[in-house]
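Structural characterization, general
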2 protein chains.
Amino acid sequence: MKIAVDAMGGDHAPQAIVRGAEQAAQQFRDIRVVLYGDKEAILPHLEQPELVDIVHTTEKVASDDDPVRAVRRKKNASMVLAAREVKEGKVDAVISAGNTGALLAAGTLIVGRIKGIDRPALMSTMPSLEGEREAFTFMDLGANADCKPEQLHQFGILGSYYAASIRQIDQPTVALLNNGTEDNKGNMLSKEAFKLLQEDQSLNFVGNVEARDILQAPADVIVTDGFTGNAVLKSIEGTAKSLMNIIKSTIQSGSFTTKLGGLLVKKDLSSIKDTLDYSKYGGAVLFGLKAPVIKTHGSANEEAVYHTIKQARDILRAGVIDQLREAFDPQNENK
Amino acid sequence: MKIAVDAMGGDHAPQAIVRGAEQAAQQFRDIRVVLYGDKEAILPHLEQPELVDIVHTTEKVASDDDPVRAVRRKKNASMVLAAREVKEGKVDAVISAGNTGALLAAGTLIVGRIKGIDRPALMSTMPSLEGEREAFTFMDLGANADCKPEQLHQFGILGSYYAASIRQIDQPTVALLNNGTEDNKGNMLSKEAFKLLQEDQSLNFVGNVEARDILQAPADVIVTDGFTGNAVLKSIEGTAKSLMNIIKSTIQSGSFTTKLGGLLVKKDLSSIKDTLDYSKYGGAVLFGLKAPVIKTHGSANEEAVYHTIKQARDILRAGVIDQLREAFDPQNENK
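Residues numbered from 1 in each chain as written. Chains lettered and ligands numbered in written order. Predicted model: local features only at pLDDT ≥ 70, side-chain atom pairs only at ≥ 80, totals over all residues. Heavy atoms only, no water.

1. Some words on unusual backbone geometry
For clarity, the cut-off: Helix numbers and strand numbers start at the N terminus; a helix is a DSSP run of H or I with at least 4 residues, a strand a run of E with at least 2. Using a 1.4 Å probe on the protein chains alone, a residue whose accessible area is under 20% of its type maximum counts as buried, one over 50% counts as exposed, and one in between counts as partly exposed.
For the peptide bond that leads from Met139 of chain A to Asp140 of chain A, omega is -5 degrees, which places it in the cis range. The amide bond that connects Ala13 of chain B to the next residue, Pro14 of chain B, takes the cis arrangement and shows omega of -5 degrees. Notably, Gln171 of chain B is not glycine yet its phi reads approximately 45 degrees, a positive angle. With respect to the secondary-structure elements, Gln171 of chain B resides in the loop between helix H6 (149–165) and strand S7 (173–177). Take Gln171 of chain B: its relative accessible area is 59%, and that puts it in the exposed class.

2. Overview of the packing of H6 of chain B against helix H11 (residues 320–328) of chain B
Between two packed helices, both the angle of their axes relative to each other and the distance between the axes serve to describe the pair. Residue and element names in this part refer to chain B. Spelled out, the test is: In this analysis an axis means a line fitted to C-alpha atoms, helices contributing only their contacting stretch, and an angle means the value between N-to-C directions, from 0 to 180 degrees. Two helices that cross are described as forming a left-handed crossing if the nearer one is turned anticlockwise from the farther one by less than a right angle, and a right-handed crossing if clockwise. When checking whether two residues touch, look at their non-hydrogen atoms; a contact exists if any pair is within 4.5 Å. Classes in brief: Ala, Val, Leu, Ile, Met, Phe, Trp, Tyr, Cys and Pro nonpolar; Asp, Glu, Lys and Arg charged; the others, Gly included, polar.
It is the contact of H6 with H11, at a shortest axis distance of 10 Å, that shows an interaxial angle of 145 degrees. H11 is crossed by H6, and the crossing has right-handed handedness. Here Gln154, Ile157, Leu158, Tyr161 and Ser165 of H6 come into contact with H11, specifically with Val320, Gln323, Leu324, Ala327 and Phe328. Class assignment for the residues of the contact of H6 with H11 results in seven nonpolar, three polar and no charged.

3. Focus: the packing of aromatic side chains
Residues and elements named next belong to chain A. Stated formally: Here a Phe, Tyr or Trp ring, Trp counted by its six-membered ring, pairs with any other such ring whose centre lies within 6.5 Å, and the pair is stacked when the planes are under 30 degrees apart, edge-to-face when over 60, and tilted otherwise.
One pass over the full model with this rule turns up eight aromatic pairs over all chains. Where Phe136 meets Phe138, the ring centres are 6.1 Å apart and the plane angle is 55 degrees; that geometry is what we call tilted. Summarising the burial analysis for this pair, Phe136 and Phe138 share the class buried. Centre to centre, the rings of Phe194 and Phe205 are 5.3 Å apart; their planes meet at 75 degrees, and the pair counts as edge-to-face. With Phe194 in helix H7 (residues 188–199) and Phe205 in strand S8 (residues 204–209), the pair connects residues that are eleven residues apart, well separated along the chain.

4. Concerning the domain arrangement of chain A
Residues and elements named next belong to chain A. Let me state the cut-off plainly: Domain start and stop points were drawn from an automatic or database domain assignment. What counts as buried area is the accessible surface, traced by a 1.4 Å probe, that two parts surrender upon association, with contributions from both included. For this analysis, a salt bridge means a side-chain nitrogen from Lys or Arg found within 4 Å of a carboxyl oxygen belonging to Asp or Glu. Whenever two N or O atoms come within 3.5 Å, that pair is a polar contact, provided that in protein one can donate a hydrogen and the other can accept it, and provided that, for residues adjacent in sequence, both atoms are side-chain atoms.
When the domains of chain A are assigned, the result is domain 1 (1–117 + 288–334) and domain 2 (124–279). The distance between the C-alpha centroids of domain 1 and domain 2 comes to 25 Å. Taken together, the contacts link 16 residues of domain 1 with eleven residues of domain 2. Interface area, domain 1 with domain 2, both sides summed: about 1,100 Å², of which 69% is carbon and sulfur. Taken together, the links from domain 1 to domain 2 amount to zero salt bridges. At the surface where domain 1 touches domain 2, the tally comes to three residue pairs in polar contact (both at pLDDT 80 or more).

5. Some thoughts on the environment of Lys74 of chain B
Residue and element names in this part refer to chain B. Checked against the element boundaries, Lys74 lands in the loop between helix H3 (67–73) and helix H4 (78–87). The spacing of Lys74 and Arg19 is 55 residues in sequence and 26 Å in space, taken between C-alpha atoms. Contact partners of Lys74, with chain neighbours within four places excluded, come to Glu59, Lys60, Val61, Ala62, Asp65, Arg69 and Val80. A distance of 3.0 Å separates a polar atom in the side chain of Lys74 from the backbone oxygen of Lys60. A distance of 2.6 Å separates the side chain of Lys74 from the side chain of Asp65, its partner in a polar contact.

6. Observations regarding the sheet that holds strand S5 (residues 121–127) of chain A
Residue and element names in this part refer to chain A. Cut-off, in case you're wondering: One requirement defines pairing of two strands: DSSP has to find at least two bridges between them.
Spatially, eleven strands are ordered S3-S2-S1-S4-S11-S10-S5-S6-S9-S7-S8 in an open sheet, and the strand pairing comes out mixed. With one partner strand each, in any of the chains shown, strand S3 (52–56) and S8 form the two edges of the open sheet. Averaged over neighbouring strand pairs, the angle between their axes works out to 25 degrees when direction is ignored. When S5 meets strand S10 (residues 284–287), the two strands line up antiparallel, connected through three bridges.

7. Looking at the nonpolar core
For soluble globular proteins, nonpolar side chains are generally found buried alongside one another. Note the threshold: Here, nonpolar core means buried Ala, Val, Leu, Ile, Met, Phe, Trp, Tyr and Cys residues that are tied together by side-chain atoms lying within 4.5 Å of each other.
Core analysis: the largest hydrophobic core is formed by 114 residues, its most contacted members being Phe138 and Ile214 of chain A together with Phe138 and Ile214 of chain B. In contact with Phe138 of chain A, other than residues within four places in its own chain, are Leu122, Met123, Ser124, Met126, Leu177, Ile214, Ile222, Thr224, Gly229, Val232 and Leu233 of chain A.

8. As for the pattern of salt bridges
The final tally for this structure, using the stated rule, is 31 salt bridges over all chains. For the salt bridge of Glu210 of chain B with Arg212 of chain B, the shortest nitrogen-to-oxygen distance reads 3.7 Å. Taking relative accessible area as the criterion, Arg212 of chain B reaches 34% and is therefore assigned partly exposed. Across the pair Asp314 of chain B and Lys310 of chain B runs a salt bridge whose closest N-O atoms are separated by 3.2 Å. Residue Asp314 of chain B and its partner Lys310 of chain B are located together in helix H10 (residues 302–318), separated by four residues, close to a single helical turn. Overall, Lys310 of chain B belongs to the partly exposed group, its relative accessible area being 29%. Here the salt bridges share partners, and the residues they tie into one network are Arg84, Glu85, Glu88 and Lys90 of chain A.

9. Examining a nonpolar patch on the surface
Residue and element names in this part refer to chain A. Heads up, the condition is: Here a patch means residues that are over 30% exposed by relative accessible area and free of salt bridges, tied together within 9 Å if like-charged and within 5 Å if nonpolar (Val, Leu, Ile, Met, Phe, Trp, Tyr). Where accessible areas are quoted, they stem from the Shrake-Rupley method and a 1.4 Å probe; at the residue level, only the protein chains shown are allowed to cover.
A surface patch of nonpolar side chains, amounting to about 360 Å² of accessible area, comprises Phe256, Leu260 and Leu263. The residue Leu260 is located in helix H9 (residues 256–276) in this model. Taking the relative accessible area as the measure of exposure, Leu260 reaches 37% and is therefore partly exposed.

10. Things to note about the relation of the copies chain B and chain A
For clarity, the threshold we go by: C-alpha atoms of residues with pLDDT of at least 70 in both copies form the basis for the least-squares superposition of the copies.
Between chain B and chain A, the superposition needs a rotation of 180 degrees and an axial shift of 0.0 Å, giving an RMSD of 0.0 Å. Here the transformation between the copies is reduced to the relation of a two-fold axis. Using C-alpha coordinates, one finds that chain B approaches the rotation axis most closely at Gly261 of chain B, a distance of 1.9 Å. Counting the interface residues of chain B, we find that 100% of their copies in chain A are interface residues as well, pointing to one common contact surface.

11. Remarks on the interface of chain B and chain A
On the chain A side, the residues contacting the 51 residues of chain B number 51 residues. Carbon and sulfur atoms make up 67% of the area that chain B and chain A hide from each other, which totals about 4,400 Å². The three residues of chain B that bury the most area against chain A are Arg212, Phe227 and Lys234 of chain B, which together make up 15% of that side's buried surface. One can count four salt bridges joining chain B with chain A. Residue Glu237 of chain B pairs with Arg212 of chain A through a salt bridge whose shortest N-O separation is 3.5 Å. At the boundary of chain B with chain A, the tally comes to eleven residue pairs in polar contact (both at pLDDT 80 or more). Looking at the side of chain B that touches chain A, the elements with two or more residues in it are helix H7 (188–199), helix H8 (226–252) and helix H9 (256–276) of chain B. At 20 residues, the largest contribution of residues to the side of chain B that touches chain A is made by H8 of chain B. Taken together, the residues that form the side of chain B that touches chain A break down as 22 nonpolar, 21 polar and eight charged.

12. Looking at the environment of Ile17 of chain A
All names here are of chain A. Along the polypeptide, Ile17 turns up in helix H1 (residues 15–27). Residues Ile17 and Ile157, 140 residues apart in the sequence, show an inter-C-alpha distance of 32 Å. Those residues within four positions of Ile17 in sequence are excluded, and the remaining contacts are Val5, Asp6, Ala7, Gly9, His12, Ala97 and Val305.

And the structure:
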């Protein structure tokens, strides 16, 4: 198994990317990590260069590049080159912390969809903050701003395969994000999607869930359209960040007693950050393509990169892409 | 000015409603508060019954009643009766903490839209947690699960009138909630709405904002469709609640040092709750109707009810409904 890693994307590239990649290469001897990027910039961060391969290129996609144009014109950019080598079968999966839109475009335009899957979904597995379930797989996080009911139905199937194969959950529960829990709630899209999800006997569909309860992981898989999913994910991130900032500044500007108390609780409160950190589940997978394409956070550190490579390895080892081909394209009309 | 208050809706009805209403009646001598509900249940909570009027009815809308059916069939339910008396001109505004859907239906079906306004929007003014602006007015929070671009444009106008008249902001800035800040971002709806908002020279439109930044109040007015607005509002509420619960349980299950620290910071951290509390801005207004219809939170306490009555008084005193009529229906074709 060869895993392509875009060494040049993300806020801490190439250092965090290269070091995370080397850590994964040390840990997992059944994979070969291939770094795409400027060899001169990569090598100083490697302790054991022999553990990885490097495909040298000096071109890269900038964070503010127009996604589709970048993919079409910057043929030798680290991310684009990596996607092309996946397409050509030289590597088996691609990971980047760079321009999200460009990676989605590279995935869709270069790696390509599995026949029968209308649109790939961008999905993340996120920790629950309360409740019994440890985590939930949430999609679409923004790959498809406009969705049809049939696509939300497919997302339910895709998420179900992911949760079963990668998270090893037996008959994962699937829920629809909606503006109320009753069966008849929703906008036109979610009402239609509800029917399709409910009719599909292959799914363990449990109905509607509200955004208010999403961090309690009311189901193993939660689906919505890419516009809403993006808004919900960003609302959660923004609220958590603002609240932590307020708590910090409240303690810092508080009385002597409060400041003292702040020092005493600091260590345990810092552990909450770990609870919120979902990088241990890897990155956001663009799922439904012929190979795993994974976006790790722009601010990804070494550990997040390590976990994302581990996730790509898990996906390859579980053979879930083949399961999807089997399910959506039983005649094997894909080349 | 007469303000109708549904005494029977909400988790703490009638006590919290009645006591909040009496507090407002004591404070504002230029309004008359009219309570709708069971006289026997209301009277025990009044200290000065002469300060308010009571319209007696024993029927009420239950929280799980089907909204439209409840409004059509329960003609004498406290909420429905209050809306009808607004329509008949006996009172000037209506407030309820009860079934949100039923209040929206009562507002639209009984009180009625201002001619020229396609759909009323449910809007709340929320405190910012960071940043320079104190608050922002956010809509639609769920009155219109499916919206057209023209409606989002109207929401911008409605919000602008509200922010100017009630919050007394000169040329309020208006932003569109979107999945990126660049001008060309969005789904089909938001791309079209962006154009309409940008073309409207009467608006101080400042472009797109992301849900991640919404609690920093990047504009005075932020508009989106009712499905997304509902999801974002509930995500914020859910995340804040889960985080506060985690912090509490982290401290409670921590070491002796942490517990001690928890005691010391407790007082100041409690003040954060007040920062998050948006009841001081009143309730959610269904704006665009011929009279103010305001939903206060189901869990509204006495103080929230007081602030909501104050808000209804502000709206009436500012004459903003007449301004809307003038703007949308200059021929005064409304009866």
